[in-house]
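Below are the chains, spelled out letter by letter.
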Amino acid sequence: MSQGAILVLSGPSGAGKSTIISAASGQIGEYYFSISTTTRSPREGEVDGRDYFFVSKESFEEDIKAGNFLEYAQVHGNYYGTSLKPVREALDAGKLVIFDIDVQGHRLVRAKLNDITTSAFITPPTLGVLKSRLHARETDDASVIAKRIENAKGEIMALGEYDFTIINDSVEEATRRFVIIANAARLKQSHALQEEFVKQWLALD
Ligand code: 5GP
């Protein structure tokens, strides 16, 4: 029986999540990176359908009504959500599904799919380092950066809800740890699969 697993990554914008995922991509087997839908505007260099599906507030709210999201949340005043259908297909195909979602999204995924979920919180070593990274990125204006910093202060309080913490001090070391966590996440089995195994184990005496 083929069955996938979920790896939730959270952490402040500017923690280096996407850099780590790309650096690790050749070392974690077949995976599906869940592309979220958002109502925020694209940043420079972001591509619709690759980084996010960028949609209007109206269209997002229609999808909520239609029950199309596995989870969604409001972050920094915009909607962000994970569409159910591609995730279900990837799980049915036995893939590791990686989410980059916030702490609210993590809670919702845990509530629905706890037994196949592993989670890691990725963060720069200190608030000060986060601030300088966000300023250096020059993709957001000062008020957006201020919002992200306030949000990060709230998010770090949820660190204890995660299985692992990845401190992104050096990208190489953070990637090395991420690869170990992703490969372990893939091996996590659902209760249904475990029960089936027990039945077969007992039957073959
Ligand atoms: P950014 O605007 O920097 O791309 O993302 C802002 C925050 O939204 C990040 O913490 C990111 O993890 C979170 N986020 C992105 N996509 C989703 C999603 O589909 N659901 C939830 N709950 N959070 C998301």
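Residues numbered from 1 in each chain as written. Predicted model: local features only at pLDDT ≥ 70, side-chain atom pairs only at ≥ 80, totals over all residues. Heavy atoms only, no water.

(A) A look at the site of the ligand. Surveying the vicinity of the ligand reveals 19 residues, the closest of which are Ser36, Arg40, Tyr52, Tyr80 and Asp100. In the model, an oxygen atom of the ligand is placed 3.3 Å from a nitrogen or oxygen of the Thr82 side chain. One of the side-chain N or O atoms of Arg148 is found 2.9 Å from an oxygen atom in the ligand. One can see that the ligand is located within the largest pocket. Mapped by element, the contributors of at least two residues to the shell around the ligand are β5 (69–75) and β6 (78–83). When the residues that make up the shell around the ligand are grouped by side-chain class, the tally is five nonpolar, seven polar and seven charged. Here the shell around the ligand gathers at least three residues from each of two domains, domain 1 (1–30 + 95–205) and domain 2 (35–93). (Near = heavy atom within 4 Å. Polar contact = N/O pair within 3.5 Å; in protein donor to acceptor, adjacent residues only side chain to side chain. 1 Å grid on protein atoms, 1.4 Å probe; cavity = no way out; pocket = protein on both sides within 12 Å on 5 of 7 lines; lining within 4 Å. Sits in = over half its atoms within 2 Å of the grid points. Helix = DSSP H or I, 4+ residues; strand = E, 2+ residues; numbered from the N terminus. Nonpolar A, V, L, I, M, F, W, Y, C, P; charged D, E, K, R; others polar. Domains from an automatic or database assignment.)

(B) A look at the domain arrangement of the protein. Domain annotation of the protein identifies domain 1 (1–30 + 95–205) and domain 2 (35–93). Between the C-alpha centres of domain 1 and domain 2 the distance comes to 18 Å. Contact with domain 1, which involves 25 residues of that partner, is made by 17 residues of domain 2. Here domain 1 and domain 2 share an interface that buries about 1600 Å² over both sides, 59% of which is from carbon and sulfur atoms. For the domain 1 face of the interface with domain 2, the top three residues by lost area are Lys95, Phe99 and Arg148, together amounting to 24%. Joining domain 1 to domain 2, the criterion identifies six residue pairs in polar contact (both at pLDDT 80 or more). Listed by contribution, the elements that provide at least two residues to the side of domain 1 that touches domain 2 are β1 (5–10), β7 (96–100), α4 (103–113) and α6 (142–155). Here the side of domain 1 that touches domain 2 gets six residues from one element, more than from any other, and that element is α4. Class assignment of the residues belonging to the side of domain 1 that touches domain 2 gives a composition of nine nonpolar, eight polar and eight charged. (Contact = heavy atoms within 4.5 Å. Buried area = accessible area lost by both parts, 1.4 Å probe.)

(C) Fine view of the sheet that holds β5. Strand order in the open sheet formed by four strands is β4-β3-β6-β5, with mixed pairing between adjacent strands. Strand pairing shows two members of the sheet lacking a second neighbour, β4 (53–54) and β5, which therefore form its edges. Its contacts with the sheet put helix α2 (residues 57–65) on β3 (37–38), β5 and β6, and the angle it makes with β6 is roughly 45 degrees. Of the strands in this sheet, β5 and β6 are in contact with helix α3 (residues 84–92), which crosses β6 at around 35 degrees. (Pairing = 2+ DSSP bridges. Axes fitted to C-alpha atoms, helices over the stretch in contact; angles between N-to-C directions.)

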